[in-house]
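These are the residues of each chain, in order.
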Number of protein chains: 2
Amino acid sequence: MPDQSTTSELELSPDQMRRLVDQAMERIVPFIESLPRQPSFATERGVDLALKLLDEPLPDSGTPFSEILDLLFERLIPASFNTAGPGYLAYIPGGGLFQTAVADLIADAVNRYVGVFAAAPGLAQLEANVIRWFAEMMGYPAETRGVLSSGGSMSNFGAVVTARRARLPEDFLRGTVYASDQIHHSVLKACLLAGIPRDNVRQVPSDRSFRLAPDALAERVAQDRRLGLEPFLVVASAGTTNTGAIDPLQELAEFCRHQELWLHVDGAYGAFFMLTEHGRKLMRGIDETDSITLDPHKGLFLPYGTGGLLVRDGAALERAHSVHGTYMPPMQEDERLVDFCEISPELSRSFRGLRVWLPLKLHGVGPFRSNLEEKLRLARWAADQLATMPDIELIAEPQLTVTAFRFRPDALPESDLNDLNQRLMQAINQRKRVYLTHTWLNGRFVIRICVLSFRTHQDRMEACLQDIRASVDELRRELRSSGVS
Amino acid sequence: MPDQSTTSELELSPDQMRRLVDQAMERIVPFIESLPRQPSFATERGVDLALKLLDEPLPDSGTPFSEILDLLFERLIPASFNTAGPGYLAYIPGGGLFQTAVADLIADAVNRYVGVFAAAPGLAQLEANVIRWFAEMMGYPAETRGVLSSGGSMSNFGAVVTARRARLPEDFLRGTVYASDQIHHSVLKACLLAGIPRDNVRQVPSDRSFRLAPDALAERVAQDRRLGLEPFLVVASAGTTNTGAIDPLQELAEFCRHQELWLHVDGAYGAFFMLTEHGRKLMRGIDETDSITLDPHKGLFLPYGTGGLLVRDGAALERAHSVHGTYMPPMQEDERLVDFCEISPELSRSFRGLRVWLPLKLHGVGPFRSNLEEKLRLARWAADQLATMPDIELIAEPQLTVTAFRFRPDALPESDLNDLNQRLMQAINQRKRVYLTHTWLNGRFVIRICVLSFRTHQDRMEACLQDIRASVDELRRELRSSGVS
């Protein structure tokens with residue numbers, strides 16, 4: 001018979017709960033306050049650290065919370081990319097709104113189940129409202145259905161599965177998928193997971209602005225039809241990861257309508273710029289597409305862990321996901337209400353709605369919109385600065401908030417440039433005020449600046465440009481001293 | 001140009017952060033304290049509530065946090081199944097450990113990215129350690145790889161995709177999958193999502209204890225092979241949702257080895273009972289299988305949102321999930337270290353490791369084990385009590401912590417029993433001390449008692465049995481007064 005003292009140990013007293021939270025907040029608050037002063041990354045000893053941690057056995061006995069907090073806040077958390085800081089201009093920045101941390105504290109503590117409407121009608125409806133707001137932002141109609149997922153990859157997967165089921169319900173092994181060569185790899189992964197043969201995913205060449213070229217697409221689709229294949233899905237980008245390029249959505253929508261192809265938009269990075277005038281101009285036609293991926297943990301500055309998927313034909317989303325068990329509660333028949341387990345791959349899952357709803361409710365949409373406008377302006381400013389710098393080649397002007405560039409001194413041949421720019425990026429990052437990452441465009445190593453944190457303001461962009469200038473000067477001196485120019 | 005005051009509004013001051021948390025805790029602590037006194041459900045007006053909420057537009061301006069907390073704690077949260085309370089004996093209870101709420105508070109606030117090892121090596125390793133502990137609990141070898149998912153459905157999906165890729169990498173439309181007729185519907189859904197034709201998923205009849213019968217399985221596999229189909233996957237249950245039945249894992253493992261079939265175990269509900277002696281006896285052979293789903297939000301009492309998947313052949317998991325982008329950071333080459341995005345469908349996602357690691361670290365595994373032992377004992381006790389009650393038919397003795405029964409007064413024909421038991425369940429639940437749900441077994445409506453909350457102790461089980469007795473007596477009086485007996 002188990003010891004009653006240990007079976008009740010997991011249930012904390014009010015004092016114990018408050019103490020845990022107070023102790024955690026004693027570390028969290030100074031941590032967040034110090035974010036602008038923290039280095040932009042500190043992973044040099046990360047592998048050693050991890051290998052030491054590997055020795056940790058399943059704990060037989062407990063450890064005081066203060067020791068755990070020491071380990072986390074003094075050793076493990078600092079040894080990371082500072083993804084929450086203002087200098088994180090890498091990949092696509094996630095946000096880190098503290099408001100969401102509070103939402104999750106509440107959601108976990110009350111532990112309600114929102115996967116089935118009947119189990120928590122009011123809370124499920126909060127989440128449904130968030131989806132409806134997103135649909136309205138995108139110009140989608142009332143019959144739209146959608147879900148909050150764990151991130152963009154899962155949303156893209158949901159879209160691929162929905163399109164496959166809608167267009168090729170049975171044998172889909174001759175089904176083909178189209179995207180530009182700039183598409184995020186999660187789309188390829190979604191196809192892999194959904195069982196679409198790897199050879200059936202076409203990467204159509206993009207144009208000089210890294211946008212999917214409708215002519216090239218049309219040609220490829222026609223060619224595949226002649227071969228007896230079954231084109232069924234086009235995935236457009238509303239903000240590529242490489243350069244923030246936005247495919248010509250309106251033209252694509254027209255083409256896809258005509259060809260009876262499902263048009264999905266991967267707007268994980270860019271879709272929330274629909275809150276800005278600039279974004280609405282660039283994404284004209286997004287309201288004519290079939291489905292959209294959009295990530296609150298990117299464009300709404302939330303912490304990692306919340307993506308979103310909208311599907312214009314809500315019934316198609318349900319057909320791709322609905323399977324029943326005899327032990328399940330009754331599902332809603334009122335069309336205005338939604339059972340998330342019927343339209344998503346998940347049954348049990350966390351209450352993601354609150355972490356999105358709470359920040360929007362607390363602040364209204366205004367500060368989110370102005371932050372996105374500010375990020376657009378900061379990216380434009382950085383590109384303008386880069387344009388004035390000698391020997392800097394702007395590879396991609398910001399369509400949204402990504403700028404891609406490289407250092408190209410006249411004296412050096414093209415073949416040396418990739419190495420040179422790799423060194424330049426390291427030199428910039430070593431100053432640890434910003435963290436930039438690269439990508440490859442047409443065989444060229446290019447450095448990206450992606451502005452998307454609500455913590456990034458003009459001062460950090462100035463620091464970024466200073467560090468680029470100083471690092472370029474440093475490399476120039478090196479090149480001169482080695483006799484190159 | 002955006003107003004600087006609104007762009008900085010999202011960044012809270014230390015005082016604002018503390019105030020939000022204090023205000024939330026003022027509601028959370030009394031909420032958790034009052035869980036045992038709260039009704040087991042209060043969803044009667046849920047639809048009205050939700051329909052009213054439907055009118056909520058995207059907020060233009062902010063709302064004071066205190067008003068938001070009023071709405072949540074006074075109206076929306078109470079109008080739910082009390083999934084966190086001790087009387088929740090329905091479906092498979094999720095837990096609701098407050099310790100995990102604190103873990104998520106920290107994880108969200110620091111917003112580190114663990115999907116790629118290089119981005120947060122120490123934190124990624126914490127999560128990897130949790131996976132290793134789980135593998136050790138199951139008796140899996142060192143080369144096991146695994147991930148924490150959002151729940152059992154996603155874990156089962158990962159297993160299906162991995163098995164499909166390992167056994168039928170190209171054309172899998174003739175591939176067939178086997179499970180008992182008691183299998184959780186998420187396995188069927190996983191097959192649907194993975195593109196396995198619906199007709200290729202076999203539900204093999206279970207035996208009188210609701211276990212998959214190896215003979216029936218062997219027969220079906222042989223028959224399918226004769227038809228030119230390609231059997232590739234068997235999914236066994238380690239704790240069915242209906243009755244907690246555990247399939248004969250050792251026999252199945254032998255059969256699958258011989259037939260070169262992938263053997264996946266859906267242990268979402270049951271696998272953590274491997275921490276108990278009773279569980280290890282029942283699940284003998286689990287260490288000889290290919291993959292296991294196991295849900296910390298069930299057997300480790302965490303809040304909703306954390307499932308797990310283990311795959312014995314870690315390389316197979318990677319082959320099913322690995323796709324690269326040119327903008328990605330370098331992946332680890334040291335085999336001891338792991339990039340979660342390489343072995344799971346997700347790229348960005350939350351830091352799920354901390355919410356599992358922290359409670360285990362704080363308390364050691366002891367209280368988890370004794371809680372599971374206590375739940376086994378409580379279920380056994382409830383079954384023994386039911387066995388002494390006249391006209392109660394025990395449909396499933398607890399193998400783990402589910403008991404299924406029905407009321408069967410001699411005077412009534414079989415055809416009346418389903419309705420009668422539906423009314424009995426409602427009568428029990430209407431007392432609101434416990435919440436029970438039903439399932440269908442061989443056409444019979446049966447009432448389930450599933451004990452899995454760390455908050456459920458002997459006192460609540462006594463209340464449950466009192467309410468069953470009282471409700472049976474009530475129905476008996478009704479039957480008598482209508483002249484049935």
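These figures come from a predicted structure and were not determined experimentally. (Residues numbered from 1 in each chain as written. Chains lettered and ligands numbered in written order. Predicted model: local features only at pLDDT ≥ 70, side-chain atom pairs only at ≥ 80, totals over all residues. Heavy atoms only, no water.)

A.B. asks: Any chance you could explain the overall build of chain A here in plain terms?
C.D. replies: Looking only at helices and strands, one finds 17 helices and eleven strands in chain A. Its C-alpha atoms give chain A a radius of gyration of 24 Å, near enough to 23 Å, the size a compact globule of 485 residues would have. Taking the principal axes of the C-alpha coordinates as reference, chain A spans close to 80 × 65 × 45 Å. Residues counted as buried form 67% of the 485 residues belonging to chain A. Sequence separation of at least 24 residues holds for 74% of the intrachain contacts in chain A that already meet a minimum separation of 6. (Helix = DSSP H or I, 4+ residues; strand = E, 2+ residues; numbered from the N terminus. Rg over C-alpha atoms; globule rule 2.2 N^0.38 Å. Buried < 20%, exposed > 50% of the residue type's maximum accessible area, 1.4 Å probe, protein only. Contact = heavy atoms within 4.5 Å.)

A.B. asks: Is there a simple way to think about the packing of helix H14 (residues 352-363) of chain A against helix H4 (residues 65-76) of chain B in this case?
C.D. replies: The axes of two packed helices give the description: the angle between them and the distance between them. At a minimum axis separation of 10 Å, H14(A) and H4(B) run at an interaxial angle of 140°. Considering the angle they form, H14(A) stands oblique to H4(B). You can see that H14(A) and H4(B) cross each other, and the crossing is right-handed. Contacts between H14(A) and H4(B) pair Leu354(A), Trp357(A), Leu358(A), Lys361(A) and Leu362(A) from the former with Phe65(B), Ile68(B), Leu71(B) and Leu72(B) from the latter. Each residue belonging to the contact of H14(A) with H4(B) can be placed in one class, and the counts come to eight nonpolar, no polar and one charged. (Axes fitted to C-alpha atoms, helices over the stretch in contact; angles between N-to-C directions. Parallel < 35°, antiparallel > 145°, perpendicular 65-115°, else oblique. Left-handed = near helix turned anticlockwise from the far one by under 90°. Nonpolar A, V, L, I, M, F, W, Y, C, P; charged D, E, K, R; others polar.)

A.B. asks: Looking at this model, I keep getting lost on the packing of aromatic side chains. Mind explaining?
C.D. replies: Both the distance between ring centres and the angle between the ring planes are used here to describe each pair of aromatic rings. Applying the stated criterion to the full structure yields 24 aromatic pairs over all chains. Pairing Tyr113(A) with Tyr304(B) gives two aromatic rings, centres 5.1 Å apart and planes at 45°, and the pair type is tilted. Here Tyr304(B) lies in the loop between helix H12 (296-299) and strand E7 (307-311) and Tyr113(A) lies in the loop between helix H5 (98-110) and helix H6 (121-138), a pairing that spans two chains. Here the two residues Tyr113(A) and Tyr304(B) agree in accessibility, since each one is buried. Ring geometry for Phe301(B) against Phe368(B): centres 6.3 Å apart, planes inclined by 15°, an arrangement best described as stacked. With Phe301(B) in the loop between H12 and E7 and Phe368(B) in helix H15 (residues 366-387), the pair connects residues that are 67 residues apart, well separated along the chain. Among the aromatic side chains, those forming a connected cluster through ring pairs are Phe41(A), Phe81(A), Tyr88(A), Tyr91(A) and Tyr435(A). Taking the ring centre of Tyr140(A) as reference, the NZ or CZ of Arg312(A) above it sits at 5.0 Å. Taking NZ or CZ as reference, Lys432(A) lies 4.6 Å from the ring centre of Phe41(A), over its face. (Phe/Tyr/Trp six-rings, centres within 6.5 Å; stacked < 30°, edge-to-face > 60°. Lys NZ or Arg CZ within 6 Å of the ring centre and 35° of its normal.)

A.B. asks: Quick question: what am I supposed to make of the pairing of strand E11 (residues 444-450) of chain A here?
C.D. replies: Residue and element names in this part refer to chain A. Of all seven residues in E11, six are buried; the element is thus mostly enclosed. Pairing of strand E10 (residues 437-441) with E11, which is carried by five bridges, proceeds in the antiparallel orientation. In the strand pairing of E11, Thr437 is matched with Arg448. What sits between the antiparallel neighbours E10 and E11 is a turn of two residues, in which Asn442 has the positive phi angle 50°. (Pairing = 2+ DSSP bridges.)

A.B. asks: Which parts of the structure should I look at to understand the relation of the copies chain A and chain B?
C.D. replies: Each of the two chain copies goes to the other by way of a rotation about an axis and a shift along it. The transform that puts chain A on chain B rotates by 180° and translates by 0.0 Å along the axis, for an RMSD of 0.0 Å. Interpreted geometrically, this transformation is the action of a two-fold axis. Proximity to the rotation axis, assessed at the C-alpha, singles out Ala194(A) in chain A; its C-alpha lies 2.4 Å from the axis. Comparing interface residues between copies, 100% of those in chain A also lie at the interface in chain B; the contact surface is shared. (Least-squares fit on C-alpha atoms with pLDDT ≥ 70 in both.)

A.B. asks: Would you take a moment to explain the interface of chain A and chain B for this structure?
C.D. replies: How big an interface is tends to be stated in terms of accessible area lost as the parts join. Residue-level contacts link 161 residues of chain A with 161 residues of chain B. Between chain A and chain B, roughly 14,200 Å² of surface is buried when both sides are summed, and carbon and sulfur atoms account for 66% of that area. The largest per-residue losses of area from chain A upon contact with chain B belong to Leu10(A), Arg112(A) and Tyr327(A), which jointly make up 6% of the total buried on that side. The interface formed by chain A and chain B holds six salt bridges in total. Joining chain A to chain B, the criterion identifies 62 residue pairs in polar contact (both at pLDDT 80 or more). (Buried area = accessible area lost by both parts, 1.4 Å probe. Salt bridge = Lys/Arg side-chain N within 4 Å of Asp/Glu carboxyl O. Polar contact = N/O pair within 3.5 Å; in protein donor to acceptor, adjacent residues only side chain to side chain.)

A.B. asks: Got a minute to help me understand the sheet that holds strand E9 (residues 402-407) of chain B in this structure?
C.D. replies: Backbone hydrogen bonds are what pair the strands of a sheet, in a parallel or an antiparallel way. All names here are of chain B. Taking strand neighbours across the sheet as the criterion, the four strands line up as E8-E9-E11-E10 in an open arrangement whose pairing is antiparallel. Sheet topology places strand E8 (392-396) and strand E10 (437-441) at the edges, where each strand pairs with a single neighbour. Averaged over all pairs of adjacent strands, the angle between their axes in this sheet comes to 40°, without regard to strand direction.

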